[in-house]
Amino acid sequence: AQSVTQPDIHITVSEGASLELRCNYSYGATPYLFWYVQSPGQGLQLLLKYFSGDTLVQGIKGFEAEFKRSQSSFNLRKPSVHWSDAAEYFCALTGLTGGGNKLTFGTGTQLKVEL
Amino acid sequence: GAGVSQTPSNKVTEKGKYVELRCDPISGHTALYWYRQSLGQGPEFLIYFQGTGAADDSGLPNDRFFAVRPEGSVSTLKIQRTERGDSAVYLCASSLGQGSSEQYFGPGTRLTVT
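Residues numbered from 1 in each chain as written. Chains lettered and ligands numbered in written order. Predicted model: local features only at pLDDT ≥ 70, side-chain atom pairs only at ≥ 80, totals over all residues. Heavy atoms only, no water.

### Remarks on the environment of Val4 of chain A
Residue and element names in this part refer to chain A.
- In this fold, Val4 is placed in strand E1 (residues 3–5).
- For Val4, a relative accessible area of 11% gives the class buried.
- Each C-alpha atom, one on Val4 and one on Phe90, is 9.5 Å from the other, the two residues being 86 residues apart in sequence.
- Excluding residues that lie within four positions of it along the chain, Val4 makes contacts with Cys23, Asn24, Tyr25, Cys91, Ala92, Leu93, Thr104, Phe105 and Gly106. (Helix = DSSP H or I, 4+ residues; strand = E, 2+ residues; numbered from the N terminus. Buried < 20%, exposed > 50% of the residue type's maximum accessible area, 1.4 Å probe, protein only. Contact = heavy atoms within 4.5 Å.)

Structure, rendered in structure tokens:
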């Protein structure tokens with residue numbers, strides 16, 4: 001069975017500080033990995049995705065993530081956080097089984113940004 | 001262009017009642033997904049449509065839940081004999097089709113069963 005673990009339920013950072021959100025996965029093959037952001041009352045927005053190739057992927061809003069197969073991790077990073085980044089962040093994977101791309105999500109990390 | 005829309009945005013119903021939740025995907029997207037997000041949890045997969053057919057309904061929790069997509073566009077998630085445990089946000093997503101990676105999510109329908 002596939003699973004995604006986000007160990008940190010809440011994280012608080014100061015505006016301008018760097019950020020790293022952790023994501024670990026369990027999957028029998030190479031997964032396709034995603035990070036989504038969810039703001040209150042908004043739908044999930046895709047930040048970035050990893051399929052293959054370069055293990056460091058760039059996304060929108062200045063976010064990046066690095067796929068580390070040896071650690072089964074796909075951590076999200078941002079060098080300088082802005083107050084508008086406060087939201088909930090979800091890591092997800094899919095294995096493209098049966099032609100569908102159903103996503104398995106982690107439980108999310110709530111990010112608070114202190115001014 | 002228009003994104004994925006879901007109606008209603010909020011639905012309050014009494015235990016035992018029947019509810020329908022609607023999803024209008026992005027035009028031209030052949031794949032449609034339903035997820036359920038309980039408080040403090042990540043979304044959980046319910047069902048996936050490719051065109052008009054349900055290609056994977058393995059996430060439906062029991063036979064009280066049913067979904068249709070008769071013309072390959074709009075989809076309706078139907079819940080019979082609602083229970084308080086069904087209270088959650090129901091999310092819909094669409095994508096271009098098989099093999100397409102990016103799913104575009106709607107804002108969700110918050111269902112409260114009293």
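### Points about the packing of aromatic side chains
All names here are of chain A.
- In the structure shown here, the tally under the stated rule is 16 aromatic pairs over all chains.
- Seen from their ring centres, Phe34 and Phe51 are 6.0 Å apart, and the 80° between their planes marks the pair as edge-to-face. Highlighted residues: Phe34 in strand E5 (residues 32–38) and Phe51 in the loop between strand E6 (44–50) and strand E7 (56–58), separated in sequence by 17 residues.
- You can call Phe51 partly exposed: its relative accessible area is 27%. (Phe/Tyr/Trp six-rings, centres within 6.5 Å; stacked < 30°, edge-to-face > 60°.)

### Some words on the pattern of salt bridges
- Counting across every chain of the model gives eight salt bridges over all chains.
- In this structure, Arg64 of chain B and Glu83 of chain B form a salt bridge, with 3.5 Å as the shortest nitrogen-oxygen distance. Of this pair, Arg64 of chain B sits in the loop between strand E6 (53–56) and strand E7 (65–68) while Glu83 of chain B is found in the loop between strand E8 (75–79) and strand E9 (88–95), placing the two residues 19 residues apart along the sequence.
- Overall, the relative accessible area of 6% leaves Arg64 of chain B in the buried class.
- Across the pair Asp86 of chain B and Arg64 of chain B runs a salt bridge whose closest N-O atoms are separated by 2.8 Å. Here Asp86 of chain B is found in the loop between E8 and E9, whereas its partner Arg64 of chain B is found in the loop between E6 and E7, with 22 residues between them in sequence.
- Taken together, the shared-partner salt bridges connect Glu64, Glu66 and Arg77 of chain A into one network. (Salt bridge = Lys/Arg side-chain N within 4 Å of Asp/Glu carboxyl O.)

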